Amino acid sequence: MNLANCPRCGRLFAANFKDMCPNCIKEIEHEYEKCVQYLREEKGATIQELSEATEVSIKQITRFIREGRISVMNAPNLMYPCEVCGNLIRDGHMCDSCRSRLTKELNQAMHEEANKDSGTKKQGDATYRAVDKFHK
């Protein structure tokens with residue numbers, strides 16, 4: 001039997017497929033049910049309003065959305081923070097601005113790496129050659 005510490009509460013438990021103790025799994029399911037019930041009644045709620053009304057953290061609500069358990073399709077105001085800048089988004093992990101900046105930086109890094117690998121030498125680069133004086 002594999003034992004592990006629950007990442008949520010720290011208690012020791014027999015490891016299972018969710019990597020969380022049974023009590024925390026029940027608590028999360030209860031939090032999910034509270035969120036779903038509130039959204040049924042208040043379709044126009046924001047993530048802040050949902051969090052305050054249900055006492056479920058924005059981080060946990062965001063997990064529910066990313067797992068597909070809570071749909072933003074029927075909740076027009078339900079958005080969650082971009083993982084990079086914190087701007088509110090409706091899908092993915094990053095806003096368009098952060099995604100564009102990351103893509104640009106990756107392309108630039110790849111271009112620099114390609115230039116370095118292609119053997120292009122910059123002025124001032126020196127080449128050294130080893131000479132074996134003992135074997136002629």
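In case you missed it, the structure is sitting above this.
Notes on the structure follow.

Cut-off values and rules
- Residues numbered from 1 in each chain as written.
- Predicted model: local features only at pLDDT ≥ 70, side-chain atom pairs only at ≥ 80, totals over all residues.
- Heavy atoms only, no water.
- Helix = DSSP H or I, 4+ residues; strand = E, 2+ residues; numbered from the N terminus.
- Buried < 20%, exposed > 50% of the residue type's maximum accessible area, 1.4 Å probe, protein only.
- Contact = heavy atoms within 4.5 Å.
- Areas by Shrake-Rupley, 256 points an atom, 1.4 Å probe, with all protein chains shown as cover.
- Core = buried A, V, L, I, M, F, W, Y, C linked by side-chain atoms within 4.5 Å.

### What to know about the overall build of the protein
Of regular secondary structure, the protein possesses four helices and four strands. Ordered by position from the N terminus, the helices and strands of the protein form the series β-β-α-α-α-β-β-α. Counting over 136 residues, the protein shows a buried share of 24%. Taking the contacts inside the protein whose residues are at least 6 apart along the sequence as the reference set, 23% of them involve residues at least 24 apart. Carbon and sulfur atoms make up 52% of the accessible area of the protein, which totals about 10,500 Å².

### Observations regarding the nonpolar core
Counting 27 residues, the largest nonpolar core has Cys35, Ile61, Phe64, Ile65, Ile70 and Leu78 as the members making the most contacts within it. Mapped onto this core, the elements with two or more residues apiece are helix H1 (22-41), helix H2 (47-54) and helix H3 (58-66). With seven residues, H1 is the largest single contributor of residues to this core. Among all residues touching Phe64, those that are not within four sequence positions of it are Ile28, Glu31, Tyr32, Cys35, Val56, Arg69 and Ile70.

### Notes on the side chain of Glu31
Inspection of the secondary structure assignment puts Glu31 in helix H1. Exposure remark for Glu31: the relative accessible area of 14% places this residue in the buried category. Other than its neighbours up to four places away in sequence, Glu31 contacts Arg8, Val56, Gln60 and Phe64.

These figures capture arrangement, not role.
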